[in-house]
Amino acid sequence: MNINYFGDTEEGEIRGEKITNRWLDVDGSWFEVKNNDCFSGEITKDQLKEIFTTATDSRINELRDEFNNAFDKFSINTCLRKAHFFAQIREEVGANISTFSENLNYSVQSLKDTFSYFRNNPEEAELYGRSDEHPADQEAIGNRAYANRLGNGDIDSGDGWNYRGKGYIQLTGRTN
């Protein structure tokens, strides 16, 4: 939409008429810009239902309460930060807010496509990845995929499994 504004402030004058918060669109129609305060602090259940469309009321209420208790502490205090925060959560846990621990149920090929460790060790992808012969060994996958990364120890430390993605934002690694 192209907007033309004839005045040097939000409160201007056009052809002798005092105009307050009125804008002219490209078709010559006047409209008002509503003050849409997308960040008034606390988030509501209804706002979250628009983002997490298939989540249960209990999950929505839990997320609402967690956010409302922490947004100020973590400076999620602008519209942009709020949008980024909830977009990240939506990507990580889905529309139903169901994934609180990273799913490492990878097929053999997905392991090779996703993790450099398994690209470099394809025989281990065959051994631990999901196939027609066996289910994925998720603990072994986590320990290998995240070994010696993100503050984790080596494969034998168990850090990859213990510090796999968890929570609303799926933080991964001992350091996080």
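For the structure itself, look to the data block above.
All values derive from a computational prediction rather than experimental measurement.

Draft legend 1. Expanded view of the overall build of the chain. Helices and strands together make up the secondary structure of the chain, namely eight helices and five strands. Taken from the N to the C terminus, the helices and strands of the chain come in the order β-β-β-β-β-α-α-α-α-α-α-α-α. Burial analysis of the chain (176 residues in total) assigns 34% to the buried set. A fraction of 43% describes how many contacts in the chain between residues 6 or more apart in sequence connect residues 24 or more apart. Accessible surface, the chain: about 11200 Å² in total, of which carbon and sulfur atoms supply 44%.

Draft legend 2. Inspection of the pattern of salt bridges at higher detail. Inspection of the entire model under this criterion finds six salt bridges. Measuring nitrogen to oxygen at the nearest pair gives 2.7 Å for the salt bridge that ties Lys49 to Asp57. Of the residues examined, Lys49 reaches a relative accessible area of 33% and is grouped as partly exposed. Asp57 sits in the partly exposed class, given a relative accessible area of 37%. Residues Asp159 and Arg174 are paired through a salt bridge, measuring 2.9 Å at the closest nitrogen-oxygen approach. Taken together, the residues Asp159 in helix α8 (residues 159-162) and Arg174 in the segment after α8 connect sequence positions 15 residues apart. With relative accessibility at 6%, the residue Asp159 sits in the buried group.

Draft legend 3. Structural view of the packing of aromatic side chains. In total, this model carries eight aromatic pairs according to the counting rule given. Centre to centre, the rings of Phe67 and Phe86 are 4.9 Å apart; their planes meet at 50 degrees, and the pair counts as tilted. Here Phe86 lies in helix α3 (residues 79-93) and Phe67 lies in helix α2 (residues 57-70), a separation of 19 residues in the sequence. Using a relative accessible area of 3% as the deciding quantity, one classes Phe67 as buried. Since its relative accessible area comes to 3%, Phe86 is described here as buried. When the centroid spacing of 5.1 Å and the interplanar angle of 85 degrees are considered together, the rings of Tyr117 and Phe118 count as edge-to-face.

Criteria and thresholds
Residues numbered from 1 in each chain as written. Predicted model: local features only at pLDDT ≥ 70, side-chain atom pairs only at ≥ 80, totals over all residues. Heavy atoms only, no water. Helix = DSSP H or I, 4+ residues; strand = E, 2+ residues; numbered from the N terminus. Buried < 20%, exposed > 50% of the residue type's maximum accessible area, 1.4 Å probe, protein only. Contact = heavy atoms within 4.5 Å. Areas by Shrake-Rupley, 256 points an atom, 1.4 Å probe, with all protein chains shown as cover. Salt bridge = Lys/Arg side-chain N within 4 Å of Asp/Glu carboxyl O. Phe/Tyr/Trp six-rings, centres within 6.5 Å; stacked < 30°, edge-to-face > 60°.

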